[in-house]
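Each chain, letter by letter, is given below.
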Amino acid sequence: MRARRARFSAGEALVWAALGLAGLVFLLPLYVVIVTALKPLAAIVDGSMLAPPRDWTIAPLAKAWSGACIGASCEGLRGGFLTSLRITLPAVAGSVAIGLVSGYALTQWRLPGARLAFALVIVANVLPYQAVLLPVALTLRRLGLFGTVEGLVLVHIAYGMPYTVLLFRNFFIGVPPEIVAAARVDGAGFWGILIHVLLPLSWPILAVAVALQFTAIWNDYLFSLVFGGPNPPVTVRLNNLINDGVGTKEYNVNMAGVLLVAAPALLVYWLAGRWFVRGLTLGGAR
Amino acid sequence: MKDLSLADLRLAYGSVTALDGVSLEIAPGELVALVGPSGCGKSSLLAAAAGLVDLDGGRVSIGGRDVTGLEPGERNVSVVFQGLALYPTMSAARNVTFGMRMRGVPRAEAQARLIEAARLLRIEDILDRRPAQLSGGQRQRVAIARALVRDPDAFLFDEPLSSLDAALRADLRDEIRRVHARTQACALYVTHDQAEAMALGDRLAVMRAGRILQVGTPREVYNRPQTAFVAGFVGAPRMNLVPARLVAEAGVPALELGDHRLPLPGYAWSEPPEPGRPVVLGLRAEDIGRPRLGSHSLGAMRVVSLEPTGADTLARLAWGEAAIVARLERDPGVGAGDLVEIAADLSRASLFCPRTERRL
Amino acid sequence: MRRRLVSGRVAAALALAPAALLLGVAFYGFLGWTAAISLTSSRLLPRADFVGAANYAAVMGDRRFVESFGNLLVFGVALVATAALAGLALAVVLDWLDRRGRRTGLAETVFLYPVAVSWLVTGLVWQWILNPSLGLERSVRAWGIETFAFDHLVRPGTALYALALAGAWHVAGMALAVFSAGLRGVDPDLWRAARVEGVGAHRVYLHVVLPMLGPHAMTVLLLLAFGVARAFDLVVAMTGGGPGYATDMPALYVYDHMFARGHLAVGAAAAVVLTLAAAAIVVPYLSLALTRRRPA
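Parameters and conventions
- Residues numbered from 1 in each chain as written.
- Chains lettered and ligands numbered in written order.
- Predicted model: local features only at pLDDT ≥ 70, side-chain atom pairs only at ≥ 80, totals over all residues.
- Heavy atoms only, no water.
- Helix = DSSP H or I, 4+ residues; strand = E, 2+ residues; numbered from the N terminus.
- Buried < 20%, exposed > 50% of the residue type's maximum accessible area, 1.4 Å probe, protein only.
- Contact = heavy atoms within 4.5 Å.
- Areas by Shrake-Rupley, 256 points an atom, 1.4 Å probe, with all protein chains shown as cover.
- Lys, Arg positive; Asp, Glu negative; His and termini not counted.
- Charge placed at Lys NZ, Arg CZ, Asp CG, Glu CD.
- Pairing = 2+ DSSP bridges.
- Axes fitted to C-alpha atoms, helices over the stretch in contact; angles between N-to-C directions.
- Salt bridge = Lys/Arg side-chain N within 4 Å of Asp/Glu carboxyl O.
- Polar contact = N/O pair within 3.5 Å; in protein donor to acceptor, adjacent residues only side chain to side chain.
- Nonpolar A, V, L, I, M, F, W, Y, C, P; charged D, E, K, R; others polar.
- Phe/Tyr/Trp six-rings, centres within 6.5 Å; stacked < 30°, edge-to-face > 60°.
- Lys NZ or Arg CZ within 6 Å of the ring centre and 35° of its normal.
- UniProt positions renumbered as here; feature names shortened; annotations may be inferred.
- Core = buried A, V, L, I, M, F, W, Y, C linked by side-chain atoms within 4.5 Å.
- Domains from an automatic or database assignment.
- Parallel < 35°, antiparallel > 145°, perpendicular 65-115°, else oblique.

A. Geometry of the overall build of chain B. Within chain B, the secondary structure is distributed over eight helices and 20 strands. Based on the C-alpha atoms only, the size of chain B along its principal axes is roughly 75 × 45 × 35 Å. Within the span of chain B, comprising 360 residues, buried residues form 52% of the whole. Within chain B, counting contacts between residues at least 6 apart in sequence, those at least 24 apart form 67% of the total. Looking at chain B as shown, the accessible area adds up to about 15500 Å², and 49% of this sits on carbon and sulfur atoms.

B. Structural view of the overall build of chain A. Secondary structure assignment for chain A yields 14 helices and zero strands. Dimensions of chain A, computed from C-alpha atoms along their principal axes, come out at roughly 75 × 70 × 30 Å. The buried share of chain A, reckoned over its 286 residues, is 58%. A fraction of 72% describes how many contacts in chain A between residues 6 or more apart in sequence connect residues 24 or more apart. Of the roughly 11400 Å² of accessible surface on chain A, 68% is carried by carbon and sulfur atoms. When the 20 positive and 10 negative side-chain charges of chain A are each reduced to one mean point, those points stand 11 Å apart.

C. Structural detail: the sheet that holds strand β9 (residues 203-208) of chain B. Residue and element names in this part refer to chain B. The six strands lie next to each other as β6-β7-β8-β3-β9-β10, forming an open sheet whose pairing is mixed. One side of each edge strand has no neighbouring strand; the edge strands of this open sheet are β6 (77-80) and β10 (211-216). Strand-to-strand twist of the sheet, defined as the mean angle between neighbouring strand axes without regard to direction, takes the value 20 degrees. Strand direction decides the pairing type here: strand β7 (residues 154-158) and strand β8 (residues 186-191), joined by five bridges, are parallel. Counted as the bridge partner of D158 is V190 from β8. Those strands touched by helix α1 (residues 42-50) are β3 (31-35), β6, β7, β8 and β9, and its axis lies near 150 degrees from that of β7.

D. Just the interface of chain A and chain C, in detail. The interface is formed by 100 residues belonging to chain A together with 97 residues belonging to chain C. The tally of links between chain A and chain C comes to two salt bridges. Across the chain A-chain C interface, the total number found is 13 residue pairs in polar contact (both at pLDDT 80 or more). A per-class count over the side of chain A that touches chain C returns 71 nonpolar, 17 polar and twelve charged.

E. Region of the structure containing the packing of aromatic side chains. In the structure shown here, the tally under the stated rule is 32 aromatic pairs over all chains. Judged by centre distance (5.9 Å) and plane angle (20 degrees), the ring pair of F223 of chain A and F227 of chain A falls under stacked. Of this pair, F223 of chain A and F227 of chain A are both found in helix α11 (residues 222-227), four residues apart, which corresponds to roughly one turn of the helix. Grouping residues by exposure puts F223 of chain A and F227 of chain A together as buried. An aromatic cluster is present here, built from Y104, W109, F168, F171, F172, F190 and W191 of chain A joined pairwise through their rings. Over the ring of F146 of chain A we find R141 of chain A; its NZ or CZ atom is 4.0 Å from the centre of that ring. Cation over ring: R146 of chain B sits above Y87 of chain B, and NZ or CZ is 4.9 Å from the ring centre.

F. Inspection of the UniProt feature "transmembrane region" (unreviewed entry) in chain A at higher detail. Residue and element names in this part refer to chain A. Here, the residues flagged by UniProt with the feature "transmembrane region" (unreviewed entry) are residues 12-34, 87-106, 118-140, 152-172, 193-218 and 253-272. The distance from the first to the last C-alpha atom of residues 118-140 is 27 Å, and the span holds 74% helix and 0% strand. For residues 193-218, the end-to-end C-alpha separation is 32 Å, with 85% helix and 0% strand making up the annotated structure.

G. Here's a closer look at the sheet that holds strand β5 (residues 65-66) of chain B. Residue and element names in this part refer to chain B. Across the sheet, four strands lie side by side as β2-β1-β4-β5; this open sheet has antiparallel pairing. With partners counted over all chains shown, the strands left at the sheet margins are β2 (16-26) and β5, one partner each. In this structure, strand β1 (residues 4-13) lies alongside β2, joined through eight bridges in antiparallel fashion. Following the sheet pairing, S5 is matched in β2 by E25.

H. Inspection of the nonpolar core at higher detail. Counting residues in hydrophobic clusters, the biggest one holds 216 residues, and the most contacted among them are Y159, L198, F227 and L238 of chain A together with F75 of chain C. No other element matches the 16 residues that helix α8 (residues 159-184) of chain C contributes to this core. Shared between two domains, this core holds at least three residues of each, these being domain 1 (2-57) and domain 2 (78-284) of chain A. With 36 residues, the next largest nonpolar core counts L114, L127, I144 and L172 of chain B among its residues.

I. A look at the packing of helix α1 (residues 10-37) of chain A against helix α6 (residues 119-129) of chain C. Packing of α1 of chain A against α6 of chain C brings their axes to within 10 Å, and their N-to-C directions diverge by 80 degrees. As the angle between them shows, α1 of chain A and α6 of chain C are arranged roughly perpendicular. Mapping the contact onto sequence places L28, P29, V32, V33 and T36 of chain A in α1 of chain A and V125, W126, W128 and I129 of chain C in α6 of chain C. Tallied by class, residues from the contact of α1 of chain A with α6 of chain C come to eight nonpolar, one polar and no charged.

J. Fine view of the pairing of β3 of chain B. Residues and elements named next belong to chain B. Here β3 lies mainly inside the structure; five of its five residues are buried. Burial along β3 is two-sided: L31, A33 and V35 facing one way and V32 and L34 facing the other are all buried. Pairing analysis gives five bridges linking β3 to β8, with the strands arranged parallel. The residue of β8 that forms the bridge with V32 is L188. Where β3 meets β9, four bridges bridge the pair, whose relative direction is parallel. Paired with V32 across the bridge in β9 is R203.

K. View of unusual backbone geometry. Residue and element names in this part refer to chain B. For the bond from A236 to P237, the omega torsion is -5 degrees, close enough to zero to count as cis. Tracing the backbone shows P237 in the loop between α8 (228-233) and β11 (240-249). One non-glycine residue, N76, lies in positive phi territory at about 50 degrees. With respect to the helices, strands and loops of the structure, N76 is situated in the loop between β5 and β6. You will see that Q184, though not glycine, has its phi angle at about 65 degrees, which is positive. Turning to its location among the elements, Q184 is positioned in the loop between α5 (166-183) and β8. By relative accessible area, Q184 is classed as partly exposed at 32%.

So, in structure tokens, the structure goes:
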């Protein structure tokens, strides 16, 4: 479908050079984090940030994982990982499930008020979270869920939901209505159509939704900070490790922590690949 | 053997009226072809019969049973859609048997029915392929098989062939006719292609703007269109419509058209003719041609252009102010710009009121 | 008379209940609650009295809040402009190479990975890179470029731009993805027609293709703008609002009053103002999005 390969030209060489330079700029932070995390502290204080490590060491990684001091406890980020996972996995499942069902119901069933509902979802997508922090805090306290994993799961399902609804709505609106009509004539009901007909064709968008929700919830800082309680998710611990530390700054341990915290989301991004990109473009309220 | 009865159906989407009190009866075993321009409400009528829309009023009954409030799946109807409606993730076989699975038909019976339908539609070899791996014609055969295995009380076809090319369309038209003849269920066939409707329908229903204008056998509708719109819509090329005036010649109604006086032999008036009133004269292209026994001369006309169809030649002619199309022989021996003597068989003429467009 | 809803639609309506409940309570209900608190004199704990618009007067009269809004504006415009232009430029370059039959799959991976990283991590990494004594500045000077300065984060006049740069790195890939989708959607016949007429690629982009990307530009601007309105993590990680109040943001102001200073009502009032500002962005967009295509 594409045009046949064009001849290589001087102009193109220039474009490639510019593209390569831009690529280096984009990769620089990743490179800096990796090399910093693998150097002894002395090499950082005395040497260049950009220099590759001469004496490789995984000690900073190990320390960030299980030995670095955050406040009074010196157990590293380890505990936060578990908290983050226990929050992220159910919250992803919950918000994706709600998005799937709602997006389907909004597009394929000609419900009265579907357009208004969609408008409310879009607005919800851009609400600054600061506007709800206080009521959420008060409600979680009332429910006895403040500072608990369950409380944060609930919060992430609620505030992740508008995005997944938007995602699935934008996907299902592209499914020919005849398919659903045919299934209705065949005797399938609301759930039968979803399970037998639409779900088998939705797995790419499911992957997109899971990948985006995983990164969004894993990466969350604000809710984790406010509602995290005594055993907060890993992002809060990371910031405390780096910005609230007393004594000598261990830059290599800090960057090792950054690497550890960023790794799961980067892994999901890498696994989801092209779908991740598709999700970003589908998420716009088209 | 059940009939399908649609009584006074009404449906509006906001301010747009899709169905404006439509009634239609389809007898057991009968195939009614519903034809009309896009947006006329014909697909809404089919959706109403299938239960895919909520009506604002009216009644749908099948075999005397009121099904108006029932889900599509509870009506025992089958729908063949335009071509996008196969389940993309299922094999052809699963597409055909899905409805039976949903209704709890025993596996063995479902399999037997699948095999029978597949044989009838000659799709045995492609049953394990997915829709994306099928050609347009194969897809439509699968869709028809899916409709067939249900053993429905009514078949509903929603422009099933409009996405196919002409040759395939003709093939599948035969297929549909054959399948329908076997089942003897009543059928509603929606199409925007009047030729397809003529070819398939036991009767033809012509729709415009949410109303049915005329129902009748293809021959009736073609020969005696009840409105100028039907006259123009059914038949290709379109019926020639020429303004004229009604006069009385020796007490017998005749037409005045420029310098011409044309008799109206044996015209079956729907209402008493009123001399002096303006009318629209409708003439089919094949009723206009070279003078022959029984035809009435219209004088000499200039040939504007010629369009050979193979079997004959369509000639566009200048008749005074009007342009008309005549069907001439295969090799008419004239060229554009020539003057030819033209005559018409006025016993087949139609007359319409220019204001109401109704047949006179 | 309208017939009863067929049962499938009853199920559909029921299936929407959880989303509707969350939307009604967690978004619109809680927003209303915050607005209600903003009209009270609540300090450490919510109180149920009524003080009218006093807190709004306090917020609008607070230089810190007004300046934080100015900061948000500068930071937002700088970030959105940088990210959108970088994304557009990259998208055009990749599209051009793609049309010449080159493989560009790797590039997308390189430019998009920062999107998967959090605002927080973005901030922590760039804080390190921008560290004046140990960061990039020293590395480049070590190469002999003694005048190289990259200490913008710690200087009040430029810290906002340093923040915007880090933010742009984080979200440029999003703009790239949206613009790329738009460029891929251009009818290939249009390119063929341009080639037949002998029009150069740069002219086709400039006069034909880019004007077609209007809706995509709109999407990009809004996606980025919403990110900016929520930019709390990045600032906390990089500057904590400093030096001084140079990078203070309304989001920080709200958080600070609610959870550090124990002045809930003032924080709530500031949050409502912030929400209204966000609404001012989204409402025109919403009317556009809803009139353009009606749901099936």
